[in-house]
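Here are the chains, one letter per residue:
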Amino acid sequence: GALGALRRQKRADAAVTLVSETRAWGAPADAASFTTVLAACRECADEEVRPELVSRAIDELLGASADLGAGWLVNAELHTELIGALGAVGEVRAALEAFSQLADAGLPLGPRPYDVTLRALGRDGMRRRGGGATLLVSGAGIEAGVWGDVVRWVEPADDGAAGEAAAGGDARGRRTRF
């Protein structure tokens, strides 16, 4: 639709204005429209303008939530774009809070919400002031199996080969190559 075209044209300002005007005209809000607008804001190349656009888009999103009730916001794609937009303007704590809301909603999540959240957390997520959030999010993703068998916990064998496996070899005594 029109919002997607504005996103492709890199006109995030016009996308935010359009969603604002359509809400003012009484058109119902929907998660797909806000997902597109937040993506357009996140992709805005002008780092000086981006925070204002994200702020305006979030204000519209909150206004729609007040009109329609918070339940319609429980949408993985919308929350993922919200996390990405917040991360793109350096709002690390807000991005983590949005991820927590999404995780608490109990929706089945694939790798993208975790990946976007880790990208939003950046280096601050690893530092003490970030509360080790990167480790918490990545641990939750591993536990949920969202990245498949990229990382797998293996219990040592009981047959004495565990010592060799722990030393970098496999149960047959072969060394593991990386």
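Criteria and thresholds
Residues numbered from 1 in each chain as written. Predicted model: local features only at pLDDT ≥ 70, side-chain atom pairs only at ≥ 80, totals over all residues. Heavy atoms only, no water. Helix = DSSP H or I, 4+ residues; strand = E, 2+ residues; numbered from the N terminus. Buried < 20%, exposed > 50% of the residue type's maximum accessible area, 1.4 Å probe, protein only. Contact = heavy atoms within 4.5 Å. Areas by Shrake-Rupley, 256 points an atom, 1.4 Å probe, with all protein chains shown as cover. Core = buried A, V, L, I, M, F, W, Y, C linked by side-chain atoms within 4.5 Å. Phe/Tyr/Trp six-rings, centres within 6.5 Å; stacked < 30°, edge-to-face > 60°. Axes fitted to C-alpha atoms, helices over the stretch in contact; angles between N-to-C directions. Parallel < 35°, antiparallel > 145°, perpendicular 65-115°, else oblique. Nonpolar A, V, L, I, M, F, W, Y, C, P; charged D, E, K, R; others polar. Salt bridge = Lys/Arg side-chain N within 4 Å of Asp/Glu carboxyl O. Expected span 1.5 Å × (residues − 1). Polar contact = N/O pair within 3.5 Å; in protein donor to acceptor, adjacent residues only side chain to side chain.

Engineer: Just checking my understanding: could you explain the overall build of the protein for this structure?
Structural biologist: A tally of regular secondary structure across the protein gives nine helices and zero strands. Taken from N to C terminus, the helices and strands of the protein fall in the order α-α-α-α-α-α-α-α-α. The buried share of the protein, reckoned over its 178 residues, is 37%. Sequence-distant contacts, at least 24 apart, represent 54% of the contacts inside the protein between residues at least 6 apart. Here the protein displays about 10,900 Å² of accessible surface, and carbon together with sulfur accounts for 52% of that area.

Engineer: What exactly am I supposed to notice about the nonpolar core here?
Structural biologist: Generally speaking, a soluble globular protein has its nonpolar side chains buried in company with each other. The biggest cluster of nonpolar side chains holds 40 residues, and the ones touching the most others in it are F34, V37, L38, C41 and I83. If near-sequence neighbours (up to four positions away) are discounted, I83 is found in contact with A95, A98, F99, V116, T117 and A120.

Engineer: Explain the packing of aromatic side chains to me, please; I cannot follow it from the model alone.
Structural biologist: Given two aromatic rings, their pairing is described by the distance between the two centres and the angle made by the two planes. Counted under the stated rule, the structure contains two aromatic pairs. Summarising the aromatic geometry, the rings of F99 and Y114 are spaced 5.2 Å apart at their centres and angled 70° between planes, so their arrangement reads as edge-to-face. Pair noted here: F99 is in helix α6 (residues 92-104) and Y114 is in helix α7 (residues 111-121), with a separation of 15 residues, a long-range link. The pair formed by F99 and Y114 is uniform in burial state, with each residue classed as buried. Note on Y114 and W147: the rings are 5.8 Å apart at their centroids and 65° apart in plane angle, and the pair reads as edge-to-face. Of this pair, Y114 sits in helix α7 while W147 sits in the loop between α8 (133-144) and α9 (162-166); the two residues are 33 residues apart in sequence, bridging distant segments of the chain. The rings of F99, Y114 and W147 are connected pair by pair, giving a single aromatic cluster.

Engineer: Quick question: what am I supposed to make of the packing of α7 against α8 here?
Structural biologist: Any two packed helices are characterised by the angle at which their axes cross and by the distance between the axes. Viewed as axis vectors pointing N to C, α7 and α8 meet at an angle of 170°, and their least axial separation amounts to 10 Å. Relative to α8, the element α7 lies roughly antiparallel. Each of Y114, T117, L118 and L121 in α7 lies in contact with α8, whose residues at this interface are A133, T134, V137, S138, A140, G141 and A144. Of the residues belonging to the contact of α7 with α8, the class tally is seven nonpolar, four polar and no charged.

Engineer: What am I meant to see in the side chain of T35 here?
Structural biologist: Checked against the element boundaries, T35 lands in helix α3 (residues 31-42). Among residues more than four places away in sequence, those in contact with T35 are E77, L78 and E81.

Engineer: Explain the pattern of salt bridges to me, please; I cannot follow it from the model alone.
Structural biologist: When their charged atoms lie close together, side chains carrying opposite charge are able to pair. By the definition in use, this model includes five salt bridges. One salt bridge in this structure joins R42 and E81, with 2.9 Å as the shortest N-O distance. Taken together, the residues R42 in helix α3 and E81 in helix α5 (residues 76-88) connect sequence positions 39 residues apart. We classify R42 as partly exposed; its relative accessible area is 25%.

Engineer: Could you clarify how one ought to interpret the environment of C41 in this entry?
Structural biologist: If you trace the backbone, C41 turns up in helix α3. Under the relative-accessibility criterion, C41 is labelled buried at 0%. The contacts of C41, once residues within four sequence positions are left out, are A12, V16, R50, L53, V54 and A57.

Engineer: How do you make sense of α3 when you look at a structure like this?
Structural biologist: Structural remark: α-helix, 3.6 residues per turn; residues separated by three or four positions point the same way. The terminal C-alpha atoms of α3, which comprises twelve residues, lie 16 Å apart, in line with the 16 Å expected from a rise of 1.5 Å per residue. Within α3, ten of the twelve residues are buried, which leaves it mostly tucked inside the rest of the structure. Among the residues making up α3, those that are buried are A31, S33, F34, T35, T36, V37, L38, A39, A40 and C41. Capping of α3 at its N-terminal end is provided by D30; its side-chain oxygen lies 3.1 Å from the backbone amide nitrogen of A32.

That's the geometry; what it means functionally is another story.
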